[in-house]
2 protein chains.
Amino acid sequence: MSQPGLRERKKEKTRLALIDAALDLFLAQGYEATTVDQIAAAVEVSPRTFFRYFATKEDVALSLPVDGQEVMLRELAARPAEEPPFVALGHAMRAVVAELQNGDQTETRRFLKARELIESTPALFAGSVSRMMENERRLIAEIARREGCSPDDLLPHFVVSLFTSVARVGFESCHPRTVEDLPAFAERLEQILALAERSLRPGWDRV
Amino acid sequence: MSQPGLRERKKEKTRLALIDAALDLFLAQGYEATTVDQIAAAVEVSPRTFFRYFATKEDVALSLPVDGQEVMLRELAARPAEEPPFVALGHAMRAVVAELQNGDQTETRRFLKARELIESTPALFAGSVSRMMENERRLIAEIARREGCSPDDLLPHFVVSLFTSVARVGFESCHPRTVEDLPAFAERLEQILALAERSLRPGWDRV
DNA sequence: TGTCATCTGTCAGTGGCTGCCATAAATTAC
DNA sequence: GTAATTTATGGCAGCCACTGACAGATGACA
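Residues numbered from 1 in each chain as written. Chains lettered and ligands numbered in written order. Predicted model: local features only at pLDDT ≥ 70, side-chain atom pairs only at ≥ 80, totals over all residues. Heavy atoms only, no water.

1. So, helix H2 (residues 36–43) of chain B
Residue and element names in this part refer to chain B.
Okay, so step 1: Residues of H2 that are buried: Val 36, Ile 39, Ala 40 and Val 43. Down the axis, H2 shows its buried residues gathered within 95 degrees of arc, on one side only. Exposed and facing more than 90 degrees away from the buried side of H2 are Ala 41 and Ala 42.
Okay, so step 2: The first or second residue beyond H2 is Glu 44, which carries a positive phi of 60 degrees. (Buried < 20%, exposed > 50% of the residue type's maximum accessible area, 1.4 Å probe, protein only. Helix = DSSP H or I, 4+ residues; strand = E, 2+ residues; numbered from the N terminus. Arc of directions from axis to C-beta.)

As structure tokens, then:
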């Protein structure tokens, strides 16, 4: 059962403890009003150790959504090659939301807590956006690979860029705060995907 | 001629001097390797004064592109109301590029220097992106006003989001470094706008 | 049990950024 | 032209995010 050794498990435990403590403190007294020392103290760890787990104070708040993007990429890679790029991206996104709805409640709650915090904190929102951009490059690479074209081609850029627009508008226009909000969010996502489909010419995302 | 008083002119002068010194130092020895003290010293100003002109070290590098977005917004507001939103956005963008091509050479060079620096510095690129998002909200508001709908409606979000995608892909796929590169950039922009037009159904951005 | 790799705490230090107060310069009022 | 007022600047003390280096603690493994 315990595949990873004691050391690994301990590390994962402190990592989660740091995230939880940080999220709670940030939500309670504000992001910038909270110091790293406070977070470290709450977990009974030295401030230096905090920075061994997270490169910056921002990272501890963003780590969960960043992980989510990793999942998105894996899901995309698992989609069949016949699917047109935009369709594949849509299904990958649906899979991520589904996992959020059906997965471990504790994790989901943590994730939503992080998203709420990020949306209500300009500095974190900015950070979140720029990491999405980072991830966008990887999505482009994956789409280019699927379609057998160069990552420098205009089309994969355009497809991914348009898709992330859809995803972003989804989050912006419907802020899921609890597990109960997730179905509404999923529905909202469908609305926007439908709007996109209505707006675009059939076959626009291929060749 | 000298509409603004001596005080105002002096301030503008130090502001530009700080930007120039900062850009040169950043390009010469790297962004993070350059300290605010160095920039201040180069302009013979106290470090404290630097922070009276720019809230952060990042700001001095991003101020020019941020000003550019301001121009974009003004141009958009000047477009006739009959134009469909996406067309109006396209023309506003063209106007900005044209102003860049025909305006003061010194200013244009400064602007391009800033863009080059930003694109080659991850931290600055991240900051740049998140400010674009800030601006995106204002573009959405303007489109909503033009179209007589609510800024919360899906359509203006979608239109603007898609347009900024186009703009971003334009910059990413063609990095104008000197004034001579600008025509090529303008052409690239046209290509992407054409691609977008080909991909979208007529009338998609209205009603 | 002992050796080794890895994690952790301590400490000293850099650099971004701010509040505060005194001074100097430009603007305005007289 | 001078005095009064506003506004920009410099210097200083200090907070906090973040880092490198070293020493001690703690799992891993034989």
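2. Some details on the UniProt feature "DNA-binding region" (unreviewed entry) in chain A
Okay, so step 1: Per the UniProt record, "DNA-binding region" (unreviewed entry) is found at residues 35–54 of chain A.
Okay, so step 2: The distance separating the terminal C-alpha atoms of residues 35–54 of chain A is 14 Å; by composition the span is 75% helix and 0% strand. (UniProt positions renumbered as here; feature names shortened; annotations may be inferred.)

3. Notes on the protein's contact with DNA strand D
Okay, so step 1: With respect to spatial proximity, 21 residues lie near DNA strand D, and among them A:Lys10, A:Arg48, A:Lys57, B:Thr49 and B:Arg52 are the closest.
Okay, so step 2: Between a phosphate oxygen of DNA strand D and a main-chain N or O atom of A:Val36, the distance comes to 3.3 Å.
Okay, so step 3: The separation between a phosphate oxygen of DNA strand D and a polar side-chain atom of B:Tyr53 is 2.9 Å.
Okay, so step 4: The element that contributes the greatest number of residues to the surface near DNA strand D is helix H3 (residues 47–53) of chain B, accounting for four residues.
Okay, so step 5: Looking at the surface near DNA strand D residue by residue, the class counts come to six nonpolar, six polar and nine charged. (Near = heavy atom within 4 Å. Polar contact = N/O pair within 3.5 Å; in protein donor to acceptor, adjacent residues only side chain to side chain. Nonpolar A, V, L, I, M, F, W, Y, C, P; charged D, E, K, R; others polar.)

4. Regarding the interface of chain B and chain A
Okay, so step 1: Contact with chain B, which involves 30 residues of that partner, is made by 29 residues of chain A.
Okay, so step 2: Summed over both partners, the interface of chain B with chain A comes to about 2,500 Å²; 68% of that surface belongs to carbon and sulfur atoms.
Okay, so step 3: Connecting chain B to chain A are two salt bridges.
Okay, so step 4: Between B:Glu136 and A:Arg168 there is a salt bridge; the shortest N-O distance is 3.4 Å.
Okay, so step 5: At the junction of chain B and chain A, the tally comes to 16 residue pairs in polar contact (both at pLDDT 80 or more).
Okay, so step 6: The set of elements that each furnish at least two residues to the side of chain B that touches chain A consists of helix H7 (122–147), helix H8 (154–173) and helix H9 (182–199) of chain B. (Contact = heavy atoms within 4.5 Å. Buried area = accessible area lost by both parts, 1.4 Å probe. Salt bridge = Lys/Arg side-chain N within 4 Å of Asp/Glu carboxyl O.)

5. Examining the protein's contact with DNA strand C
Okay, so step 1: Inspection of the region around DNA strand C gives 21 residues, with A:Thr49, A:Arg52, B:Leu6, B:Arg48 and B:Lys57 positioned closest.
Okay, so step 2: Expressed as a percentage, the sugar and phosphate content of the atoms of DNA strand C within 4 Å of the protein is 53%.
Okay, so step 3: Looking at the surface near DNA strand C, the elements that each hand over two or more residues are helix H1 (6–29) and helix H3 (47–53) of chain A together with helix H1 (6–29) and H3 of chain B.
Okay, so step 4: The element that contributes the greatest number of residues to the surface near DNA strand C is H3(A), accounting for four residues.

6. Observations concerning helix H8 (residues 154–173) of chain A
Okay, so step 1: With 20 residues, H8(A) ought to run about 28 Å at 1.5 Å a step, and its terminal C-alpha atoms sit 28 Å apart, in line with that.
Okay, so step 2: The element H8(A) is largely enclosed, with a buried count of 18 among its 20 residues. (Expected span 1.5 Å × (residues − 1).)

7. Remarks on the environment of B:Phe26
Residues and elements named next belong to chain B.
Okay, so step 1: The residue Phe 26 is located in helix H1 in this model.
Okay, so step 2: Separated by 95 residues in sequence, Phe 26 and Thr 121 have C-alpha atoms that sit 9.5 Å apart.
Okay, so step 3: Those residues within four positions of Phe 26 in sequence are excluded, and the remaining contacts are Tyr 31, Thr 34, Ile 39, Lys 57, Val 60, Ala 61 and Leu 117.

8. Side note on the UniProt feature "domain: HTH tetR-type" (unreviewed entry) in chain A
Okay, so step 1: What UniProt calls "domain: HTH tetR-type" (unreviewed entry) maps, in this numbering, to residues 12–72 of chain A.
Okay, so step 2: With 80% helix and 0% strand, the stretch residues 12–72 of chain A has end C-alpha atoms that lie 22 Å from each other.

9. Some thoughts on the domain arrangement of chain A
All names here are of chain A.
Okay, so step 1: Splitting chain A by domain gives domain 1 (1–54) and domain 2 (57–199).
Okay, so step 2: In this structure, domain 1 and domain 2 have C-alpha centres spaced 26 Å apart.
Okay, so step 3: At the junction of the two partners, domain 1 supplies 17 residues and domain 2 supplies 15 residues.
Okay, so step 4: Between domain 1 and domain 2 lies a buried interface of about 1,500 Å² when both sides are counted; carbon and sulfur atoms form 71% of it.
Okay, so step 5: At the boundary of domain 1 and domain 2, one finds three salt bridges.
Okay, so step 6: Linking Asp 67 and Arg 15 is a salt bridge whose minimum nitrogen-to-oxygen distance equals 3.4 Å.
Okay, so step 7: If you tally residues by element for the side of domain 1 that touches domain 2, the top one is H1, at ten residues.
Okay, so step 8: By residue class, the composition of the side of domain 1 that touches domain 2 is twelve nonpolar, one polar and four charged. (Domains from an automatic or database assignment.)

10. Remarks on the relation of the copies chain B and chain A
Okay, so step 1: Take chain B, turn it by 180 degrees, move it 0.0 Å along the axis, and it overlays chain A with an RMSD of 0.1 Å. The operation mapping one copy onto its partner corresponds to a two-fold rotation axis. It is B:Leu200 whose C-alpha, among those of chain B, lies nearest the rotation axis, at 2.1 Å.
Okay, so step 2: Mapped onto chain A, 97% of the interface residues of chain B are again interface residues, and the two copies thus contact each other with one and the same surface. (Least-squares fit on C-alpha atoms with pLDDT ≥ 70 in both.)

11. Side note on the packing of aromatic side chains
Okay, so step 1: Inspection of the entire model under this criterion finds 14 aromatic pairs over all chains.
Okay, so step 2: Pairing B:Phe50 with B:Phe51 gives two aromatic rings, centres 5.2 Å apart and planes at 85 degrees, and the pair type is edge-to-face.
Okay, so step 3: For B:Phe50, a relative accessible area of 0% translates into the label buried.
Okay, so step 4: Seen in terms of ring centroids, B:Phe86 and B:Trp204 are 5.3 Å apart; in terms of plane orientation they differ by 65 degrees. Their pairing is edge-to-face. Of this pair, B:Phe86 sits in helix H5 (residues 85–102) while B:Trp204 sits in the segment after H9, placing them 118 residues apart in sequence.
Okay, so step 5: Looking at B:Phe86, the relative accessible area reads 9%, which means it is buried.
Okay, so step 6: Residue class for B:Trp204 comes out buried when judged on its relative accessible area of 11%.
Okay, so step 7: A connected cluster of aromatic rings, assembled from ring pairs, spans A:Phe86, A:Phe158, A:Phe163 and A:Trp204.
Okay, so step 8: The ring of A:Tyr31 has A:Lys57 sitting right over it, with the charged end atom 4.6 Å from the ring centre. (Phe/Tyr/Trp six-rings, centres within 6.5 Å; stacked < 30°, edge-to-face > 60°. Lys NZ or Arg CZ within 6 Å of the ring centre and 35° of its normal.)

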